[in-house]
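These are the residues of each chain, in order.
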Amino acid sequence: MKLIKNTFTATLYIGMLLIQTMQATSKQDNKPLNVTIVGTGYVGLVTGACLAEFGNTVLCVDINTQKIIDLKNGVIPIYEPGLDTIVAQNVQSKRLTFTDDLASAIKQADVIFIAVGTPMSENGAADLSYVEAVARTIAKHINSFKVIVTKSTVPIGTGAWIKQIILDNGIKADQFAIVSNPEFLREGSAINDFLFPDRIVIGTSSAAADTIMRSIYEHLLNQDVAYVSTNVVTAESIKYASNAFLATKISFINELANLCDETGADVQVLAHALGLDKRINKHFLNPGPGFGGSCFPKDTQALLYTSQQYGIDIHTVLAALKANEIQKEIPVKKLLPLMENNVKDKIVAILGLAFKANTDDVRYSPAISTINKLIEYGASIRAYDPQAMKSMKTELPNITYCTSIADAVTNADAVIVMTEWDEFKAMDLELIGSLLKTRILVDARNILDPSILHKHGFIFDNIGRSCLCKLPLRNMSV
Ligand code: UGA
């Protein structure tokens, strides 16, 4: 694990050095642009730090004064590999600063990125109240031409809506331009995704704004990163289409995995062979306990909501969401037959609470559904996660939080692996087996080798990897 972490850090470091060398040559004649990022959540902070890394002068602003004090003191509010280093370096080089004074941050800016939260509201639509508040504040303090960029994922049509808010506040159309610049950052690898993107998408109807955006991303353009220049509504749509497509891909492989469970085929081999077809590609074909996180569940719902407003049904995305709800039940469905269909008064160890590895985020984590169902069936839970226990404590305060894998499995009747942390991939199965009351395991991420589990005497199940080592739960033909 240490080796992987070191390799990751080293690659990032070399990448950052390369960028600094390039920006030294490319920006030396140009005055850096003043960029203000509103919102220091995961998207805002990563965007701010990386744009500073590209040579821009960046001011990150948040109305949460304590957060700003912490950031000034080098305290990063989220767990994101590499973020602390890139923030520290750019603070030191004075390209990155923090403030809680939004009015002054707007006045100083050439470009304002809106990166505030857009949580899901009751009806599936994104709640835009924070975005609206920022738009009104910009209108109030505008003092020169501003490029106003939406970076948070906002519903299709939001750019036009922001424009109208600013116009309605008496600001003339030639004093600002609206841009949609969606982010494609995965939590856990957000810095790498920002520094080495597949593409930059810029939606605007203003040639001046397009020129300014090209300048902000200049060093990526120098590396021939694809630059998609389009209108605002198309850029907004690209973001939703990307997330909905990836979510659909995951639901597809999850449903295929369930079929493999019945037929005796191996989904890992199936996914590998599928991915070798360049038209399909190998990414996002890992079956698991369903997709979670703050993006796929929210963005697929929001896309469906928007499409319904226009009288369009996107059946594929609706099906992907439905399949995902069913998939979240799979870990418990897999565990029950291994425990004679009874978990009442049993202790189940849950390894992994985060919705995926390398993050402390538990929003819409499949672990939540699994734990709630087990509690409903009368089990008690001993949970462990390398990073996400603090966040899960607010969500599920009444389960037992453990200090290590060994602590969680001690005297437990069974264990479910919910998140694909490297620490779990490398765990000592003989030790785990000796600490468990019974060697019963569900690998909901397919990270453990079935033959090794078999060797250590586990009764186990996984997601679509039928093999003879499994408990013969159903009639399998070889
Ligand atoms: C996702 C997108 O990948 C980013 O491009 C996008 O910018 C971001 O949403 C966003 O809209 O802000 P993220 O949610 O951080 O990023 O994480 P992913 O790596 O995409 O994983 C999402 C979920 O799908 C996780 O629960 C993960 O475990 C699951 N997943 C992913 C699978 O079950 N199988 C896979 O093969 C891949």
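Residues numbered from 1 in each chain as written. Predicted model: local features only at pLDDT ≥ 70, side-chain atom pairs only at ≥ 80, totals over all residues. Heavy atoms only, no water.

Draft legend 1. Quick peek at unusual backbone geometry. The backbone of Asn281 shows a phi angle near 65°, a positive value even though the residue is not glycine. One can find Asn281 in the loop between α12 (267-275) and α13 (296-309). Of note, the phi angle at Phe284 is positive, near 60°, even though the residue is not glycine. With respect to the helices and strands, the residue Phe284 is situated in the loop between α12 and α13. (Helix = DSSP H or I, 4+ residues; strand = E, 2+ residues; numbered from the N terminus.)

Draft legend 2. Layout of the packing of aromatic side chains. On inspection of all chains with the given rule, the structure shows 6 aromatic pairs. Ring centres of Phe284 and Phe296 lie 6.2 Å apart, and the angle between their planes is 55°; on these two criteria the pair is classed as tilted. Here the residue Phe284 occupies a position in the loop between α12 and α13, and Phe296 occupies one in helix α13, the gap between them amounting to 12 residues. Its relative accessible area of 27% is what places Phe284 among the partly exposed residues. For the pair Phe291 and Phe296, a centre-to-centre distance of 5.9 Å together with 85° between the ring planes defines the contact as edge-to-face. (Phe/Tyr/Trp six-rings, centres within 6.5 Å; stacked < 30°, edge-to-face > 60°. Buried < 20%, exposed > 50% of the residue type's maximum accessible area, 1.4 Å probe, protein only.)

Draft legend 3. Inspection of the nonpolar core at higher detail. Counting 61 residues, the largest nonpolar core has Leu335, Ile350, Leu351, Leu353, Leu374, Phe424 and Met427 as the members making the most contacts within it. Per-element accounting of this core gives the leading share, 5 residues, to helix α15 (residues 330-338). Among residues more than four places away in sequence, those in contact with Ile350 are Thr370, Ile371, Leu374, Ile381, Arg382, Ala383, Tyr384, Ile416 and Met418. Formed by 44 residues, the second largest nonpolar core is a distinct cluster that contains Ile37, Leu71, Val149 and Val225. (Core = buried A, V, L, I, M, F, W, Y, C linked by side-chain atoms within 4.5 Å. Contact = heavy atoms within 4.5 Å.)

Draft legend 4. Looking closely at the layout of surface pockets. Its volume calculated, the second largest pocket comes out at about 640 Å³. Lining the second largest pocket are 28 residues; nearest its centre among them are Tyr42, Gly117, Glu187, Ser294 and Arg363. Residue assignment for the lining of the second largest pocket shows that the elements contributing at least two residues are α2 (42-53) and α13. Of the residues contributing to the lining of the second largest pocket, the split by class is 12 nonpolar, 8 polar and 8 charged. Each of two domains, domain 1 (7-230) and domain 2 (255-468), supplies a minimum of three residues to the lining of the second largest pocket. (1 Å grid on protein atoms, 1.4 Å probe; cavity = no way out; pocket = protein on both sides within 12 Å on 5 of 7 lines; lining within 4 Å. Points joined across faces, edges and corners; volume = space filled by probe spheres on them. Nonpolar A, V, L, I, M, F, W, Y, C, P; charged D, E, K, R; others polar. Domains from an automatic or database assignment.)

Draft legend 5. The arrangement of the site of the ligand in detail. Around the ligand, the structure places 19 residues, and the nearest of them are Glu183, Leu185, Glu187, Lys239 and Asn243. Here Glu183 contributes a side-chain N or O atom positioned 2.6 Å from an oxygen atom of the ligand. In the model, an oxygen atom of the ligand is placed 3.3 Å from a nitrogen or oxygen of the Leu285 main chain. Protein chains shield 94% of the accessible area of the ligand, which is 710 Å² for the free molecule. (Near = heavy atom within 4 Å. Polar contact = N/O pair within 3.5 Å; in protein donor to acceptor, adjacent residues only side chain to side chain. Areas by Shrake-Rupley, 256 points an atom, 1.4 Å probe, with all protein chains shown as cover.)

Draft legend 6. Main features of the confidence of the model for the protein chain. Looking at the protein chain as a whole, its pLDDT mean stands at 92, while 91% of the residues score no less than 70. Note that pLDDT drops below 50 for residues 17-29; the model gives that stretch 21 contacts with residues more than four away or on any other chain. Confidence drops under pLDDT 50 across residues 468-478; counting only partners more than four residues distant or on other chains, this segment forms 21 contacts. (pLDDT = per-residue confidence, 0-100.)

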